[in-house]
Amino acid sequence: MTKPRIDFYFDVVSPYSWIGFEVLQKLEPKWKDVSIHYIPFSLRQVMVTSGNRPPAMLPARSIMLMLDVQRTSKFWDIPLNVPPEFKKWIMKYSTVGAMKLLLVLEKQDPDLMLRAAREMWMRLWLRSEKIFEDQDYMEVLKVVGVKNPEEIIKKSKEEKYEKILEENTNKALDTNAYGAPWINVTTSDGEEHSFFGSDRFNLIADLLGQPQPLPDKYSNSKL
């Protein structure tokens, strides 16, 4: 028997990836017998390959996205706001560069990668600041304490990180990924189960026999 494993595939362009990330971060100390891995991938490539479309590009889903993000972030007490320029930005820019930057940091220090990912989410989904260009990356790296930001940015443009990002994305696609966050769970007996979204941790907890997730404001409540 091996420890259950959670592969949390994310892209910083996704607000639900941020919500799922913060929920999983809170669960990690409580789910002590579970191996948790945070894996950068390309949501754009997932959308293209799976035939899905971004919610913001579909009028009815776009309206619900705005409402649902507000409701969900309030429930989990995550200070998330939809950037006024979001639709314009995602038509013009890609987060591929940001995700490759995270892969460089992951090689150096996985915790540093997680801090940088959180700062990217906070820039985009809290302060309505861009995360798409080298100057944006410079500011992120300085905030998280990287001493050689220019070198990290230059390294992220190497072909090897393009390949790693593609490999991560293909692994998620192999489990039928169509959005983010995409969560692949391997139980102790080797069975694999896939989940989509930031609101599936109750099902994952039940599957793995782990404590159920609740926001801090409800953690001492009795159901």
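All values reported here derive from a predicted model rather than from experimental measurement.

(A) Representation of the packing of aromatic side chains within the structure. Per the stated rule, a full pass over the model turns up 13 aromatic pairs. Ring centres of Trp89 and Phe132 lie 6.1 Å apart, and the angle between their planes is 65°; this geometry places the pair in the edge-to-face category. Of this pair, Trp89 sits in helix α4 (residues 86–92) while Phe132 sits in the loop between α6 (110–125) and α7 (134–143), placing them 43 residues apart in sequence. Look at Trp89 and you get buried, because its relative accessible area is 11%. Among the residues examined, Phe132 registers a relative accessible area of 8% and is labelled buried. Through a chain of ring-to-ring contacts, the aromatic side chains of Phe8, Phe10, Phe21, Tyr38 and Trp121 assemble into a single cluster.

(B) Expanded view of the UniProt feature "active site" (unreviewed entry) in the chain. UniProt's entry tags Ser14 with the feature "active site" (unreviewed entry), counted in the numbering of this structure. As for its position among the elements, Ser14 is in the loop between β1 (5–10) and α1 (15–27). At 2.9 Å, the side chain of Ser14 forms a polar contact with the backbone nitrogen of Ser17.

(C) Up close: the packing of helix α5 (residues 96–108) against helix α9 (residues 159–174). Taken N-terminus to C-terminus, the directions of α5 and α9 make an angle of 100°; their axes are 9 Å apart at the nearest point. Between α5 and α9, the interaxial angle falls into the category roughly perpendicular. Contacts between α5 and α9 involve Val96, Met99, Lys100, Leu103, Val104 and Lys107 from the first element and Tyr161, Glu162, Ile164, Leu165 and Asn168 from the second. Classifying every residue of the contact of α5 with α9 gives seven nonpolar, one polar and three charged.

(D) Broad picture of the side chain of Ser42. When you line up the elements, Ser42 lands in the loop between β2 (35–40) and α2 (43–50). In this structure the side chain of Ser42 is engaged in a polar contact, spanning 3.2 Å, whose partner is the backbone nitrogen of Gln45. With near-sequence residues (within four places) excluded, Ser42 lies in contact with Asp11, Val96, Leu165 and Thr169.

(E) Representation of the pattern of salt bridges in the model. One pass over the full model with this rule turns up 16 salt bridges. Arg127 is paired through a salt bridge with Glu119; the nearest N and O atoms lie 2.6 Å apart. The residue Asp199 makes a salt bridge to Arg200 at a minimum N-O spacing of 2.9 Å. When its relative accessible area of 51% is taken as the criterion, Asp199 is described as exposed. With relative accessibility at 31%, the residue Arg200 sits in the partly exposed group.

(F) Representation of unusual backbone geometry within the structure. In the segment running from Ala180 into Pro181, the intervening peptide bond is cis, with an omega of 0°. Note that Pro181 resides in the loop between α9 and β3 (182–186). Even without being a glycine, Ser128 presents a positive backbone phi close to 55°. Judged by its relative accessible area of 27%, Ser128 falls in the partly exposed class. Of note in this structure, Asn176 is not a glycine but carries a positive phi near 75°. Inspection of the secondary structure puts Asn176 in the loop between α9 and β3.

The rules behind the values
Residues numbered from 1 in each chain as written. Predicted model: local features only at pLDDT ≥ 70, side-chain atom pairs only at ≥ 80, totals over all residues. Heavy atoms only, no water. Phe/Tyr/Trp six-rings, centres within 6.5 Å; stacked < 30°, edge-to-face > 60°. Helix = DSSP H or I, 4+ residues; strand = E, 2+ residues; numbered from the N terminus. Buried < 20%, exposed > 50% of the residue type's maximum accessible area, 1.4 Å probe, protein only. UniProt positions renumbered as here; feature names shortened; annotations may be inferred. Polar contact = N/O pair within 3.5 Å; in protein donor to acceptor, adjacent residues only side chain to side chain. Axes fitted to C-alpha atoms, helices over the stretch in contact; angles between N-to-C directions. Parallel < 35°, antiparallel > 145°, perpendicular 65-115°, else oblique. Contact = heavy atoms within 4.5 Å. Nonpolar A, V, L, I, M, F, W, Y, C, P; charged D, E, K, R; others polar. Salt bridge = Lys/Arg side-chain N within 4 Å of Asp/Glu carboxyl O.

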